[in-house]
Amino acid sequence: GQNIDQPTEMTATEGAIVQINCTYQTSGFNGLFWYQQHAGEAPTFLSYNVLDGLEEKGRFSSFLSRSKGYSYLLLKELQMKDSASYLCAVTASGGSYIPTFGRGTSLIVHP
Amino acid sequence: KAGVTQTPRYLIKTRGQQVTLSCSPISGHRSVSWYQQTPGQGLQFLFEYFSETQRNKGNFPGRFSGRQFSNSRSEMNVSTLELGDSALYLCASRSGTGDEKLFFGSGTQLSVL
C-alpha cells in the first residue's frame, strides 16, 4: 500500500516564498505529481518528478528525494491567486500508473 | 482542444435512490478514471476504464460501478445511495499508455439527503 502525508493547512504573505512538503511510503516508487485545486474547481497539473532533484517551472519548483521518500513544492513571489489546495500524488511501480493522492495542503495567501 | 466534461454539475438525491454521472474525456484519450473527493478523505480512487474495459479498481463497495463506451465516454453509477456518498465525484482522462498526468473535469457535486 501507499501512505502520503502533507500538512493540512499553511498560510503565507503575498510576495513571499512557501514550501509545501510531502512525505510518502510506497512499496515501489514510479513518479510523483503535484496538482493545484482552487475551491470548486478541477485539480490541474503542476509538476512531475521521477528522478531526484529540483524541477523548476516559472514561479513553481518541485523537488524529489527518492531515498528519503520526500518531495516539496516551492512557490515563489506568492500571489493572492495562489490560494488553493495543493495535492501530492504518487504512482507505484507495477504498471497501473494509478496515482494515490495525499489529502492536500490548503494554502492561504494574505496581503 | 476541449477539456474533460462532466455532467451534471450538481445533483441532489435521497437515500436509497440511484444516480448516474457522465464524463466525456479529452479527444484521443482512452483512459478514464473516477475519484471521490471528500474533505475528510481527500481524493479516493474508484476505478479506471481503458478501451471499454475496467483496468483498475479501488476499494469501494459494489454499489459503485461504471462503464465506458466505444467513444471513450464513461458513466459511473451509484446504487442504493447512502448519506456518506455525498461528495465531489471527479473524472480524469489521459491517453493511458504510461505514467502520465491526469486531466480532470470540474466534477459532479452529489448531495444525498
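Higher on the page you've got the structure.
An account of the accompanying structure is given in this report. (Residues numbered from 1 in each chain as written. Chains lettered and ligands numbered in written order. Predicted model: local features only at pLDDT ≥ 70, side-chain atom pairs only at ≥ 80, totals over all residues. Heavy atoms only, no water.)

### Here's the deal with the overall build of chain A
Move 1: Along chain A, the regular secondary structure elements total 0 helices and 11 strands.
Move 2: Listing every helix and strand of chain A by position from the N terminus yields β-β-β-β-β-β-β-β-β-β-β.
Move 3: Here the C-alpha radius of gyration of chain A, 14 Å, is about what a compact globule of 111 residues would show, namely 13 Å.
Move 4: Projected onto its principal axes, the C-alpha coordinates of chain A cover approximately 45 × 30 × 20 Å.
Move 5: Burial status across chain A gives 46% buried among its 111 residues.
Move 6: Of the contacts formed within chain A by residues at least 6 apart in sequence, a portion of 56% connects residues at least 24 apart.
Move 7: If you sum the accessible surface of chain A, you get close to 5,300 Å²; carbon and sulfur atoms cover 49% of it.
Move 8: Across chain A, 7 positive and 9 negative side-chain charges occur, with their mean positions spaced 5 Å apart. (Helix = DSSP H or I, 4+ residues; strand = E, 2+ residues; numbered from the N terminus. Rg over C-alpha atoms; globule rule 2.2 N^0.38 Å. Buried < 20%, exposed > 50% of the residue type's maximum accessible area, 1.4 Å probe, protein only. Contact = heavy atoms within 4.5 Å. Areas by Shrake-Rupley, 256 points an atom, 1.4 Å probe, with all protein chains shown as cover. Lys, Arg positive; Asp, Glu negative; His and termini not counted. Charge placed at Lys NZ, Arg CZ, Asp CG, Glu CD.)

### Observations regarding the overall build of chain B
Move 1: Scanning chain B for helices and strands turns up 0 helices and 11 strands.
Move 2: When its helices and strands are written in sequence order, chain B yields β-β-β-β-β-β-β-β-β-β-β.
Move 3: Here the C-alpha atoms of chain B give a radius of gyration of 13 Å, agreeing with the 13 Å that 2.2 N^0.38 yields for 113 residues.
Move 4: For chain B, the C-alpha atoms occupy an extent of roughly 40 × 25 × 25 Å along the three principal directions.
Move 5: Taking all contacts inside chain B whose residues are at least 6 apart in sequence as the whole, residues at least 24 apart take part in 54%.
Move 6: If you sum the accessible surface of chain B, you get close to 5,200 Å²; carbon and sulfur atoms cover 48% of it.
Move 7: Of the side chains in chain B, 12 bear a positive and 7 a negative charge, and the two mean positions are spaced by 4 Å.

### Remarks on the interface of chain A and chain B
Move 1: Contacts between the two partners involve 18 residues from chain A and, on the opposite side, 22 residues from chain B.
Move 2: Our count for the contact surface shared by chain A and chain B stands at 0 salt bridges.
Move 3: Linking chain A with chain B are 7 residue pairs in polar contact (both at pLDDT 80 or more).
Move 4: At 5 residues, the largest contribution of residues to the side of chain A that touches chain B is made by strand β4 (residues 29-37) of chain A.
Move 5: Looking at side-chain class alone, the side of chain A that touches chain B contains 11 nonpolar, 6 polar and 1 charged residues. (Salt bridge = Lys/Arg side-chain N within 4 Å of Asp/Glu carboxyl O. Polar contact = N/O pair within 3.5 Å; in protein donor to acceptor, adjacent residues only side chain to side chain. Nonpolar A, V, L, I, M, F, W, Y, C, P; charged D, E, K, R; others polar.)

### Re the pattern of salt bridges
All names here are of chain B.
Move 1: If you walk through the whole model with that rule in mind, you get 9 salt bridges over all chains.
Move 2: A salt bridge links Arg 63 to Glu 82; the shortest N-O distance between them is 3.6 Å. Of this pair, Arg 63 sits in the loop between β6 (53-57) and β7 (64-68) while Glu 82 sits in the loop between β8 (74-78) and β9 (87-94); the two residues are 19 residues apart in sequence, bridging distant segments of the chain.
Move 3: Residue Arg 63 is classed as buried on the basis of its relative accessible area of 16%.
Move 4: Using a relative accessible area of 42% as the deciding quantity, one classes Glu 82 as partly exposed.

### What about the sheet that holds strand β3 (residues 18-26) of chain A?
Residues and elements named next belong to chain A.
Move 1: Pairing is antiparallel in the open sheet, where 5 strands are placed in the order β1-β3-β8-β7-β6. Of all the strands in the sheet, just β1 (2-5) and β6 (53-57) have a single pairing partner and so form its edges. Between one strand axis and the next, the sheet turns by 15° as a mean value, whatever way the strands run. (Pairing = 2+ DSSP bridges. Axes fitted to C-alpha atoms, helices over the stretch in contact; angles between N-to-C directions.)

### Some details on the state of the cysteines
Move 1: Tallied over the entire structure, the rule returns 2 disulfides over all chains.
Move 2: Between the sulfur of Cys22(A) and that of Cys88(A) lies a disulfide, 2.0 Å long from S to S. Given an S-S torsion of about -70°, the disulfide between Cys22(A) and Cys88(A) has left-handed geometry. In this pair, Cys22(A) sits in strand β3 while Cys88(A) sits in strand β9 (residues 84-92), placing the two residues 66 residues apart along the sequence. Across the pair, exposure class does not vary: Cys22(A) and Cys88(A) are buried alike.
Move 3: Paired by a disulfide, Cys23(B) and Cys91(B) hold their sulfur atoms 1.7 Å apart. An S-S torsion of about -50° defines the bridge between Cys23(B) and Cys91(B) as left-handed. Of the two residues, Cys23(B) is situated in strand β3 (residues 19-24) and Cys91(B) in strand β9; the sequence distance between them amounts to 68 residues.
Move 4: Its relative accessible area of 0% is what places Cys91(B) among the buried residues. (Disulfide = S-S within 2.5 Å.)

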